[in-house]
Amino acid sequence: MPNEQPTVRVIGTGGSIAGVGPDRIDFILYPEIGDHITIQQSLDRVPEIQDIAEVRSEDLVSVGSTAIGAAEWLALARRINQIFRDETDVAGVAITHGTATLEETSYFLHLTVKSTRPVVITGAMRPPTALSTDSDLNLLDAVRTAACPEAVGLGVLTVLNNEIQCGRDVTKASTFRVETFRPNELGFLGYADSDGKVVFYRAPLRRHTVDTPFMVDDMTTLPRIDIVYSYAGADGLLVDAVRNNRSDGLILAGFGGGTFPPAVIDAAVKLVEDGIPVVLATRSTAGRVVITPKKEEQGFIVSDNLLPQKARVLLMLGLTVTKDRHELQQLFYHY
Ligand code: ASP
């Protein structure tokens, strides 16, 4: 009899969803202990997944996501692109990941996966060893969403707490709540809900996956981009450090709609004069930073509504295709 079930590839990377605490009421010590179960052990805890999909699993790395960076992003993108190239029967890919940097990995993959098939990232706020863990249900929901035909063409999605979000817009908004992943002001895309259904209400309009120019499969490194945060009374020390370090670019997190302490902007102008791209973002947790005649004349790029850590991902990728400021600016308007 032919197998009616969709096939889902599940890739483990570690994080709280695989964390091992000393007892059932430990919610904070386990990341420092650093032990993780394997992705197969995570799947074994949820045999119900076998009723949803045929799963093939692998561990890419086994770390807290505080230790995830460009090397792991490139390895993940390469592996996912390889799976979609070689395994035509795979309906989608689900990834388990720590919640600390999940939002950055999700945007990176949203821009670099070269398939319309679903890629769904999940994590957990409470490890599998803790009371009321969200690990098992989030994993089940991620597999359900990765197997769902309606998720095709929506780019990289995140699923936690039954909420399906766009990998571009999602951010971790609270330290310990299970409903920590929020899409800022934009609304989430749908539910992987209690009745077992995956339902969508909206689709991302910014370009992603197959509609980006970012081809990273042969890359081993990415440009170095730093972020400098503004605060009342800040001087140019940290921007000068970025300049002296010869970084490839800078994200400046300013106030509100894109204003900065005068000494910070003066230091940033020198960076621009050196030919280093500087993207103006905001430390406000939502909303756009827009261009003004003065910012244009000073040579800055604006982040649109990308949070600083998301703007960093786009600038890292943008610099792999162009060094031109105006072309880089266009990327921030379209991705
Ligand atoms: N320390 C964890 C991490 O790997 C936190 C989490 O997963 O919630 O990001």
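Preceding this section is the structure that the text describes.
Remember, predicted model here, so these are calculated numbers, not experimental data. (Residues numbered from 1 in each chain as written. Predicted model: local features only at pLDDT ≥ 70, side-chain atom pairs only at ≥ 80, totals over all residues. Heavy atoms only, no water.)

## Notes on the sheet that holds strand 2 (residues 54-63)
Overall, mixed pairing links the eight strands, which are arranged 2-1-3-4-5-6-9-10 in an open sheet. Pairing within the sheet leaves two strands with one partner each, and these edge strands are strand 2 and strand 10 (198-200). With direction set aside, neighbouring strand axes in the sheet form an average angle of 25°. When strand 3 (residues 90-96) meets strand 4 (residues 119-122), the two strands line up parallel, connected through four bridges. In the sheet register, Ile95 faces strand 4, and the bridge partner there is Ile121. Set on the sheet, helix 3 (residues 70-86) makes contact with strand 1 (7-14), strand 2, strand 3 and strand 4; between it and strand 3 the angle comes to about 160°. (Pairing = 2+ DSSP bridges. Helix = DSSP H or I, 4+ residues; strand = E, 2+ residues; numbered from the N terminus. Axes fitted to C-alpha atoms, helices over the stretch in contact; angles between N-to-C directions. Contact = heavy atoms within 4.5 Å.)

## Comments concerning the pairing of strand 12 (residues 249-254)
Across the six residues of strand 12, six count as buried, placing the element largely inside the fold. Of the strand pairs in this sheet, strand 11 (residues 225-229) and strand 12 are connected by five bridges, and their pairing is parallel. Across the sheet, the residue bridging to Ile227 is Ile251, located in strand 12. In this fold, the crossover linking strand 11 to strand 12 by way of helix 6 (residues 237-244) has right-handed handedness. Direction of pairing for strand 12 relative to strand 13 (residues 278-282): parallel, over a ladder of five bridges. Bridging from a neighbouring strand, Leu252 pairs with Leu280 of strand 13. (Buried < 20%, exposed > 50% of the residue type's maximum accessible area, 1.4 Å probe, protein only. Right-handed = clockwise from strand over helix to strand, strands pointing away.)

## Focus on the nonpolar core
Within the largest apolar cluster, 44 residues are counted, with the highest numbers of intra-cluster contacts made by Ile80, Ile95, Phe108, Leu109 and Leu314. Of all the secondary structure elements, the ones that give two or more residues to this core are helix 3, strand 3, helix 4 (102-112), strand 4, strand 5 (156-160), strand 13, helix 9 (308-318) and helix 10 (325-334). (Core = buried A, V, L, I, M, F, W, Y, C linked by side-chain atoms within 4.5 Å.)

## Details of the site of the ligand
The ligand sits among Gly15, Ser16, Pro31, Gly64, Ser65, Gly98, Thr99, Ala100 and Ala124. Ser65 is positioned with one of its backbone polar atoms (N or O) 2.6 Å from an oxygen atom of the ligand. At 2.4 Å, a side-chain N or O of Thr99 approaches an oxygen atom of the ligand. Computed on the free molecule, the ligand has an accessible area of 260 Å², of which 87% lies beneath the protein chains in the complex. A breakdown of the residues in the shell around the ligand according to their chemical character gives three nonpolar, six polar and no charged. (Near = heavy atom within 4 Å. Polar contact = N/O pair within 3.5 Å; in protein donor to acceptor, adjacent residues only side chain to side chain. Areas by Shrake-Rupley, 256 points an atom, 1.4 Å probe, with all protein chains shown as cover. Nonpolar A, V, L, I, M, F, W, Y, C, P; charged D, E, K, R; others polar.)

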